[in-house]
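Here's the letter readout for the chains.
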Amino acid sequence: MNFFPRSDDKAPDMLTLYGEAVSSRLLLGTSLYPSPDIMRRSVEASGAGILTVSLRRESSRDAGAGSRFWQLIKSFGARVLPNTAGCHTAREAITTAHMAREVFETDWVKLEVIANDDTLQPDVFGLVEAAEALCRDGFKVFPYCTEDLSVAERLLGAGCQVLMPWAAPIGTGRGLINPYALRSLRAFFPETPLIVDAGIGAPSHAAEAMELGFDGILLNTAVAKARDPVAMASAFAMAIEAGRLAYLAGIMPPRDMASPSTPVAGLAFLDAARAS
Amino acid sequence: MTEAGSLEELCRELGISEAKIATARNGDFVPAKARAAVALAEGDAIEVLSPRQGG
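Before going into details, it helps to say that this report is about the structure given with it. Here the structure is a predicted model, which is why all the values come from computation and not from measurement.

This part takes up the overall build of chain A. Assigned secondary structure in chain A consists of 10 helices and 10 strands. Here chain A holds 276 residues, and the buried ones make up 50% of them. Pairs at least 24 apart in sequence give 66% of the contacts found in chain A among residues at least 6 apart. Surface summary for chain A: the accessible area is close to 13,500 Å², and the carbon and sulfur share equals 53%.

The subject of this paragraph is the nonpolar core. Among the nonpolar cores identified, the biggest contains 85 residues, and Leu28, Leu111, Val141, Leu155, Ile200, Ile217 and Leu219 of chain A are the most heavily contacted of them. Every residue in contact with Leu155 of chain A, bar those within four places of it in the chain, is listed here: Leu127, Val128, Ala131, Pro143, Cys145, Cys160 and Leu163 of chain A. Core analysis: the next-biggest nonpolar cluster, separate from the first, contains five residues, Ala4, Leu7, Leu10 and Val38 of chain B among them.

This part covers the environment of Val80 of chain A. All names here are of chain A. Relative to the helices and strands, Val80 is located in strand β5 (residues 79–82). Along the primary structure Val80 and Val109 are separated by 29 residues, whereas in three dimensions their C-alpha atoms are 9.0 Å apart. When residues no more than four places from it in sequence are discounted, the contact partners of Val80 are Leu51, Val53, Trp70, Ile73, Phe104, Thr106 and Trp108.

Residues and elements named next belong to chain A. In the contact formed by helix α3 (residues 90–104) and helix α4 (residues 124–136), the axes pass within 9 Å of each other and the chain directions differ by 35 degrees. Judged by the twist between their axes, the crossing of α3 over α4 is right-handed. Listed contacts from α4 to Ala90, Ala93, Ile94, Ala97 and His98 of α3 are Gly126, Glu129, Ala130, Ala133 and Leu134. Tallied by class, the residues present in the contact of α3 with α4 amount to seven nonpolar, two polar and one charged.

Residue and element names in this part refer to chain A. One pass over the full model with this rule turns up four aromatic pairs over all chains. Centre to centre, the rings of Trp108 and Phe142 are 4.9 Å apart; their planes meet at 45 degrees, and the pair counts as tilted. Taken as a pair, Trp108 in strand β6 (residues 108–111) and Phe142 in strand β7 (residues 140–145) lie far apart in primary sequence, 34 residues in all. Neither Trp108 nor Phe142 differs from the other in exposure class; each is buried. The interplanar angle of 50 degrees and the centroid separation of 6.4 Å between the aromatic rings of Phe188 and Phe189 together place this pair among those described as tilted. In this structure Phe188 comes out as exposed when scored by relative accessible area, which is 55%. A connected cluster of aromatic rings, assembled from ring pairs, spans Tyr18, Trp108 and Phe142.

Counting from both sides, the interface comprises 31 residues of chain A and, opposite them, 24 residues of chain B. When the two sides are added together, the surface that chain A and chain B hide from each other amounts to roughly 2,300 Å², 56% of it contributed by carbon and sulfur. Contact with chain B buries area across many residues of chain A, yet Glu58, Met99 and Glu102 of chain A alone supply 26% of it, more than any other trio. Its salt-bridge partner being Glu105 of chain A, residue Lys20 of chain B comes within 2.7 Å of it at the nearest N-O pair. Where chain A meets chain B, there are 19 residue pairs in polar contact (both at pLDDT 80 or more). Mapped by element, the contributors of at least two residues to the side of chain A that touches chain B are β4 (50–57), α2 (65–75) and α3 of chain A. Broken down by element, the residue count for the side of chain A that touches chain B peaks at seven residues, all from α3 of chain A. Residues belonging to the side of chain A that touches chain B are distributed by class as follows: 10 nonpolar, 13 polar and eight charged. Pairing of β4 of chain A with strand β3 (residues 46–53) of chain B, which is carried by five bridges, proceeds in the antiparallel orientation. Pairing of Val53 of chain A across the sheet is with Gln53 of chain B, part of β3 of chain B.

Rules of the game
Residues numbered from 1 in each chain as written. Chains lettered and ligands numbered in written order. Predicted model: local features only at pLDDT ≥ 70, side-chain atom pairs only at ≥ 80, totals over all residues. Heavy atoms only, no water. Helix = DSSP H or I, 4+ residues; strand = E, 2+ residues; numbered from the N terminus. Buried < 20%, exposed > 50% of the residue type's maximum accessible area, 1.4 Å probe, protein only. Contact = heavy atoms within 4.5 Å. Areas by Shrake-Rupley, 256 points an atom, 1.4 Å probe, with all protein chains shown as cover. Core = buried A, V, L, I, M, F, W, Y, C linked by side-chain atoms within 4.5 Å. Axes fitted to C-alpha atoms, helices over the stretch in contact; angles between N-to-C directions. Left-handed = near helix turned anticlockwise from the far one by under 90°. Nonpolar A, V, L, I, M, F, W, Y, C, P; charged D, E, K, R; others polar. Phe/Tyr/Trp six-rings, centres within 6.5 Å; stacked < 30°, edge-to-face > 60°. Buried area = accessible area lost by both parts, 1.4 Å probe. Salt bridge = Lys/Arg side-chain N within 4 Å of Asp/Glu carboxyl O. Polar contact = N/O pair within 3.5 Å; in protein donor to acceptor, adjacent residues only side chain to side chain. Pairing = 2+ DSSP bridges.

See below:
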């Protein structure tokens, strides 16, 4: 979604992930919405071209729930990115990824290996182990990781072509709690698509990440749990677009000293005492 | 408890063989086309998963 005109006629500013170009830099989760209809309208308002989904136990008491959800998601026309949420070991995540590939008919997987239920911090050792196995099996892995540079290096070495560092723990909405580390990650891997995943609470957080040069934002709770999810989806879309445009436009460096924006030359001398 | 001899039969017994599902036995993925060939044994842990909301 492009809300604002660019100042030139360059080709559209697309996000390319594993060779697939998408026009929106917002990736949206499908959880926690008050209703399927509000989810649908939020997806539309966000302009997201990629939606995250999961796998959970099929219940014989509610047979067909999964099929109905899948039909709803397919009707949005977006690409799906299945996750391995809730997996605590590489083995669980690998099996879940294989199950997701069959059900969702995609080799894309948002790889989550969780270390701790309180922080939902990635288990980076299990993450690298699972990423190595899945990349070997032909998956296109989107690893949910920390901002650690050596972990990033290991994931890229495993075959990941995209990294998804957290801003803050999942669902906390605290924004970029370590902007220094995120800036370092961006600087160390200038060619790798980097998507900030988790911890974004306000559109300003998303804009800040985009201004740092991140390539996209993956969101769920901040939209789904807003008082008006549809309006919040629009707000995030605009903030991400604004942050991206600002990054491309080049943000002025901060200065310690004030510097007038109105020309000093030609200033009238109206107070003889001050002129002397 | 089930009388089903294979994973495919179990899915039919549960009325979900035509649903959008993926299966695993004892923590290992079992592709749809392999379900008929996977015989069930006492104590097998079977998981049947289907699409859900995710973040």
